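# Architecture and fold: a report
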Amino acid sequence: MKKYIELSLEVQEAKASGQAVVALESTIISHGMPYPQNVKMAREVEQIVRDNGAVPATIAIIDGKIKIGLTDEELEIFGKSPNVAKVSRRDLAQIIATKQLGATTVATTMICAELADIKVFVTGGIGGVHKGAETTMDISADLEELAQTDVAVICAGAKSILDLALTLEYLETKGVPVIGYGTECLPAFYTRESEHKLNFFTDSVDVIAETLKTKWELNLKGGAVITNPIPVEYAMDQDYINGIIDQAIREAEENHIVGKDSTPFLLGKIKELTGGKSLDANIELVKHNAKVGTQIAVSFNEKLSDNKLRV
Amino acid sequence: MKKYIELSLEVQEAKASGQAVVALESTIISHGMPYPQNVKMAREVEQIVRDNGAVPATIAIIDGKIKIGLTDEELEIFGKSPNVAKVSRRDLAQIIATKQLGATTVATTMICAELADIKVFVTGGIGGVHKGAETTMDISADLEELAQTDVAVICAGAKSILDLALTLEYLETKGVPVIGYGTECLPAFYTRESEHKLNFFTDSVDVIAETLKTKWELNLKGGAVITNPIPVEYAMDQDYINGIIDQAIREAEENHIVGKDSTPFLLGKIKELTGGKSLDANIELVKHNAKVGTQIAVSFNEKLSDNKLRV
Amino acid sequence: MKKYIELSLEVQEAKASGQAVVALESTIISHGMPYPQNVKMAREVEQIVRDNGAVPATIAIIDGKIKIGLTDEELEIFGKSPNVAKVSRRDLAQIIATKQLGATTVATTMICAELADIKVFVTGGIGGVHKGAETTMDISADLEELAQTDVAVICAGAKSILDLALTLEYLETKGVPVIGYGTECLPAFYTRESEHKLNFFTDSVDVIAETLKTKWELNLKGGAVITNPIPVEYAMDQDYINGIIDQAIREAEENHIVGKDSTPFLLGKIKELTGGKSLDANIELVKHNAKVGTQIAVSFNEKLSDNKLRV
Ligand SMILES: [Mn+2]
Ligand SMILES: [Mn+2]
Ligand SMILES: [Mn+2]
């Protein structure tokens, strides 16, 4: 397995010295935002991780290898190239075997982080149960990954184009903890609130880190979703953004945009309809997640050093 | 992992001497029945296990530990305290990490039993697919647990407030054996019969024990549901109880009772509408399950001693 | 575990000499086709595997053992006996423990192949999400098996009586690769084409073998579906066969044929309505799958010998 994995120098050094490492995904760069904002965001997020005491590891597939930590040149490639495949679990082996450029989603970033023994991963929003999934069965592979792969995902909730109630039900059935950090309800990406109450919330990164440690020491396989609301100053009005999301979904339906093309289309349309404000919000929430996620990673890492994982 | 688990003296001695141990859940005490009937039932059930040749291990979370076997004082606490959390898989690590009082559901009792190497667990009824789950996706975590955790659950079928046909489909998709003990159809908790035929039924606890042993020796992960109908003298008339269940479900809908509050509300309402007879039935079916489950545990244990699990 | 598994002499010799082995299922013999065509088909398929450089291992349950490779006499028994149980994952332990005759489905052939360390399995079509499963939850255990058991299945697509769109969604959620061999769309068993585009297709058995090797070396658990369209000369007209399938489904509904009886009923009815042509098509597509599957198995086996699986 090791032959497929290549750590950046910075990540190698962090691991050698026992420093915390935070995983970051590459689909948000290649498919989630336009150039050059995507690359700028990626670099700022990496710097936020460093400023808070950990080392960033942006993950991507290049030339038959899983890269754990990208160079500046590699970040540029993922920001610009039109030939980057969006790689979910089902695609991962093929993209590696055929040496294509591949951007990792939430699911595959979790897989690769676990392969590299990185336990905390920061992103914008997870995938979930799509609206209408009662009849289409369109459910993101991210949810199955959360049920089986031991990586915590810090996000601003599930992407708001999803059915949040069904996403929470699915995660409950699968036994995945959904933790509110500084919120008693599930944040809805562009907004700080939703009608969905959480049954576990805390203002302490230390409690979150202790819960993760307990979970994995007990061999309770799978990840956790740690939801961190978008900063107040970038949060959108709920009625305003929900109206726009509904319109974007209608246009996707009219244009028969489905499957893995759906999310990029909707995000593009929402950006257009908000005059670019959704993109600003998206960037700011990721940066905020990077700060909180790094604090969790550092706290988790200290607990491990104090008291090595016992099995 | 061991540091989180604490066996009672009785369970320690049983394990040291090679005696069979039977797991029991605590949610049935804290959330399933009123005080003092719940504690009385728990003690009687424990005694039935002893009388049939095994040692009972009621499971609960106390002060950061998974307790395998409770003292009389601890049983009282779970019977009376209003501050006991109902702990499903997603909640387990948090309740342990934050040292709260937690009662284990079917899913978490299975998890904790497996951690303590106990293979047989007696309860009233398992969770399942809720009525209306085609659109709500409200499906108990118990079903996923049965698909992955190597513990056999002896019960009187799925709780009758559930959609039994969909519950059976889900278990079939997940590859979970559903065995009828002394019945060719799935019992429906308060009644001995339902319209759902089983494809595996037997009158022999030995055949059940041999099947469990074969399953786990083949590394076929997951549990099994062993359904044991309520004793004839306590069984209710099907039309009578189904009418009451339908009424309780309507009242839950009218009062917007959903999620984990739903089951306790429905059971309370059914008790009220049957003038307490549903509670008597519930207690008697658990006692009957304890007897049959202990027989299975003893038979399984003998097979293991004859012929240690080979991998 | 070994005590339950019995390899035929031919399979033992293949394994000793490092030759590739191809798994074959027995339900297609006992429940999928009438006698004597079923036994004739089974022998021809085994010979095609040999002619292409591997050794066939038809899998079945006999007298408490998992047989990996059947004798001619055993093939006859499975072709003729009315007492063969159709064994899915939930039934496997019971059929072995009670020493019944059992025919393995796609799911259980995968399980048994993995137990015997055979990685490539040739069949006609996999199970999937049934039409109407949005409300019935009737979903084949084959799909869950593909998500967890490391065996590649070469087939002509999912059985055409299924909902192909929902089957693909389910497999995507579960992270199972669906690979088109010589086709860019999912073949629909009796026809070479469907409206469902695949996102991974190739004309090279070597690329498929390399992908499988990469997948399992990365510990990405689960199988893969390799879809190989029915040969042109046996393919049916899409409108013709779909009309017949719809009629068969209507008759099944009218006769209340459900659950595991459904597939044999539908295949029998389709055979009747096509005047036997569907049976010829079925036999020819299996033979074609045997040829392609064996090429994949041989290529995979060579890669392993060059470069032993590293973990
Ligand atoms: Mn999808
Ligand atoms: Mn629920
Ligand atoms: Mn089914």
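Just so you know, these numbers come straight off a predicted model, no measurement behind them.

### Description of the interface of chain C and chain B
Facing 28 residues of chain C, the contacting portion of chain B comprises 29 residues. Summed over both sides, the interface between chain C and chain B buries roughly 2,500 Å², with carbon and sulfur atoms accounting for 58% of that surface. The largest share of the area that chain C buries against chain B comes from C:Met1, C:Arg90 and C:Met137, three residues that together contribute 29% of it. Counting every contact that joins chain C to chain B gives three salt bridges.

### Overview of the interface of chain B and chain A
Tallying the contact residues gives 28 residues for chain B and 29 residues for chain A. Overall, the association of chain B and chain A removes approximately 2,500 Å² of surface from exposure, summing both partners, and the carbon and sulfur fraction of that is 58%. Per-residue buried area on chain B facing chain A is highest for B:Met1, B:Arg90 and B:Met137; these three make up 29% of the total on that side. In this assembly, chain B and chain A are joined by three salt bridges. Between B:Arg90 and A:Glu172 there is a salt bridge, with the nearest N and O atoms lying 3.7 Å from each other. Put simply, the parts of the chain that give the side of chain B that touches chain A at least two residues each are α5 (92–97), α6 (106–115), α7 (133–136) and α8 (141–148) of chain B. Looking at the side of chain B that touches chain A, the element that brings in the most residues is α5(B), giving five residues. Its residues assigned to classes, the side of chain B that touches chain A shows 13 nonpolar, six polar and nine charged.

### Remarks on the nonpolar core
Residues and elements named next belong to chain B. In terms of nonpolar packing, the biggest core is built from 112 residues, with Ile66, Ile68, Ile126, Leu146, Tyr190, Leu212 and Ile226 touching the most fellow members. Here the element with the most residues in this core is helix α13 (residues 277–306); it accounts for 11 residues. Once residues within four sequence positions are removed from consideration, Ile68 is found in contact with Ile5, Glu6, Leu7, Ser8, Val11, Ala57, Thr58, Ile59, Cys112, Ala116 and Ile118.

### Topic: the environment of C:Thr167
Residues and elements named next belong to chain C. One can find Thr167 in helix α9 (residues 164–173). On the accessibility criterion, Thr167 (3% relative accessible area) is buried. The spatial distance from the C-alpha of Thr167 to the C-alpha of Gly127 is 8.7 Å, given a sequence separation of 40 residues. Setting aside residues no more than four positions away along its own chain, Thr167 makes contact with Gly128, Val129, Leu143, Ala158 and Leu162.

### Description of the packing of helix α6 (residues 106–115) of chain C against helix α8 (residues 141–148) of chain C
Residues and elements named next belong to chain C. Axis separation between α6 and α8 bottoms out at 8 Å; the angle between their running directions is 25°. Viewed along their axes, α6 and α8 adopt a mutual orientation that is roughly parallel. Contacts from Val106, Ala107, Met110 and Ile111 in α6 reach Ala141, Asp142, Glu145 and Leu146 in α8. When grouped by side-chain class, the residues that make up the contact of α6 with α8 number six nonpolar, no polar and two charged.

### Section: the side chain of A:Glu25
Residues and elements named next belong to chain A. Structurally, Glu25 is set in the loop between β2 (21–24) and α2 (27–30). The side chain of Glu25 is buried and forms no salt bridge, while Lys159, the nearest opposite charge, is found at 5.5 Å. Within the structure, the side chain of Glu25 is placed 2.4 Å from the side chain of Thr123, a separation counted as a polar contact. With residues up to four places along the chain from it excluded, the contact list for Glu25 reads Thr58, Ile59, Thr104, Thr105, Val106, Thr109, Phe121, Val122 and Thr123.

### A word on the relation of the copies chain B and chain A
Between chain B and chain A, which share one sequence, the superposing operator has a rotation angle of 120° and an axial displacement of 0.0 Å; the RMSD is 0.0 Å. A rotation of that kind, with that shift, is consistent with a three-fold axis. Identified as the residue of chain B closest to the rotation axis by C-alpha distance is B:Glu134, at 3.7 Å. Different-surface contact between copies: only 14% of interface residues of chain B are shared with the interface of chain A.

### A word on the packing of aromatic side chains
By the definition in use, this model includes six aromatic pairs over all chains. With a centroid separation of 5.6 Å and an interplanar angle of 85°, the aromatic rings of A:Trp216 and A:Phe300 are classed as edge-to-face. Here the residue A:Trp216 occupies a position in helix α10 (residues 205–217), and A:Phe300 occupies one in helix α13 (residues 277–306), the gap between them amounting to 84 residues. Judged by relative accessible area, which is 6%, A:Trp216 ranks as buried. A relative accessible area of 4% means that A:Phe300 is categorised as buried. Look at B:Phe189 and B:Tyr190: their rings are 4.9 Å apart centre to centre, the planes differ by 85°, and that puts the pair in the edge-to-face class. Each member of the pair, B:Phe189 as well as B:Tyr190, is classed as buried. Of note, B:Lys119 hangs over the ring of B:Trp216, and the distance from its end group to the ring centre comes to 4.7 Å.

### With respect to the relation of the copies chain C and chain B
Between the two copies, chain C and chain B, the superposition gives an RMSD of 0.0 Å; the rotation angle is 120° and the shift along the axis is 0.0 Å. Of all interface residues in chain C, a mere 14% are interface residues in chain B too; the two copies therefore contact each other through different surfaces.

### Here we look at the environment of C:Thr149
Residues and elements named next belong to chain C. Here Thr149 shows up in the loop between α8 and β8 (152–155). Taking the relative accessible area as the measure of exposure, Thr149 reaches 3% and is therefore buried. Taking C-alpha positions, Thr149 is 25 Å from Phe78, a pair spaced 71 residues apart along the chain. Those residues within four positions of Thr149 in sequence are excluded, and the remaining contacts are Arg89, Met110, Ile111, Glu114, Gly222 and Gly223.

### Structural notes on the environment of C:Leu186
All names here are of chain C. Along the polypeptide, Leu186 turns up in the loop between β9 (178–181) and β10 (201–202). Taking the C-alpha atoms as reference, Leu186 lies 27 Å from Ala103; in sequence the two are 83 residues apart. When residues no more than four places from it in sequence are discounted, the contact partners of Leu186 are Gly157, Leu164, Leu168, Val178, Glu193, Ser194, His196, Leu198 and Thr227.

### Quick look at the pattern of salt bridges
Residue and element names in this part refer to chain A. Tallying each qualifying case throughout the model produces 66 salt bridges over all chains. Ionic pairing is found between Arg89 and Glu145, a salt bridge with its closest N-O pair at 2.9 Å. Of the two residues, Arg89 is situated in the loop between β5 (85–87) and α5 (92–97) and Glu145 in helix α8 (residues 141–148); the sequence distance between them amounts to 56 residues. When the shortest N-O distance is used, the salt bridge between Glu251 and Lys269 registers 3.0 Å.

### Re the pairing of strand β4 (residues 65–68) of chain A
Residue and element names in this part refer to chain A. Where strand β1 (residues 5–7) lies against β4, three bridges are found, and the strand directions are parallel. Among the inter-strand pairings, Leu7 is bridged to a residue of β4, identified as Ile68. In the sheet, strand β3 (residues 55–62) pairs with β4 via four bridges, with the strands oriented antiparallel. The residue bridging Ala60 from the neighbouring strand is Lys67, located in β4. The loop that links β3 with its antiparallel partner β4 comprises two residues; one of these, Asp63, has a positive phi angle of about 55°.

### Re the UniProt feature "binding site: Mn(2+)" (unreviewed entry) in chain A
All names here are of chain A. The positions that UniProt labels "binding site: Mn(2+)" (unreviewed entry) are, in the present scheme, Asp138. If you trace the backbone, Asp138 turns up in the loop between α7 (133–136) and α8. A relative accessible area of 15% places Asp138 in the buried class.

### Here we look at the pairing of strand β2 (residues 21–24) of chain C
Residues and elements named next belong to chain C. Here β2 shows a buried face lined by Val21 and Ala23 and a second buried face lined by Val22 and Leu24. Bridge analysis of β2 against strand β3 (residues 55–62) gives four bridges, and the strand direction is parallel. Following the sheet pairing, Leu24 is matched in β3 by Thr58. Bridging between β2 and strand β7 (residues 120–122) involves two bridges; their strand directions are parallel. From the neighbouring strand, Ala23 faces β7, where its bridge partner is Phe121.

### Notes on the UniProt feature "binding site: substrate" (unreviewed entry) in chain A
Mapped onto the present numbering, the UniProt feature "binding site: substrate" (unreviewed entry) falls on A:Lys86, A:Val106, A:Ser140, A:Ala141 and A:Asp142. Spanning 57 residues, the named residues form one tight spatial group whose C-alpha atoms are at most 13.3 Å apart. As for its position among the elements, A:Ala141 is in helix α8. Leave out the neighbours within four places in its chain, and A:Ala141 touches A:Ser88, A:Ala107, C:Glu172 and C:Thr173.

Analysis parameters
Residues numbered from 1 in each chain as written. Chains lettered and ligands numbered in written order. Predicted model: local features only at pLDDT ≥ 70, side-chain atom pairs only at ≥ 80, totals over all residues. Heavy atoms only, no water. Contact = heavy atoms within 4.5 Å. Buried area = accessible area lost by both parts, 1.4 Å probe. Salt bridge = Lys/Arg side-chain N within 4 Å of Asp/Glu carboxyl O. Helix = DSSP H or I, 4+ residues; strand = E, 2+ residues; numbered from the N terminus. Nonpolar A, V, L, I, M, F, W, Y, C, P; charged D, E, K, R; others polar. Core = buried A, V, L, I, M, F, W, Y, C linked by side-chain atoms within 4.5 Å. Buried < 20%, exposed > 50% of the residue type's maximum accessible area, 1.4 Å probe, protein only. Axes fitted to C-alpha atoms, helices over the stretch in contact; angles between N-to-C directions. Parallel < 35°, antiparallel > 145°, perpendicular 65-115°, else oblique. Lys, Arg positive; Asp, Glu negative; His and termini not counted. Polar contact = N/O pair within 3.5 Å; in protein donor to acceptor, adjacent residues only side chain to side chain. Least-squares fit on C-alpha atoms with pLDDT ≥ 70 in both. Phe/Tyr/Trp six-rings, centres within 6.5 Å; stacked < 30°, edge-to-face > 60°. Lys NZ or Arg CZ within 6 Å of the ring centre and 35° of its normal. Pairing = 2+ DSSP bridges. UniProt positions renumbered as here; feature names shortened; annotations may be inferred.

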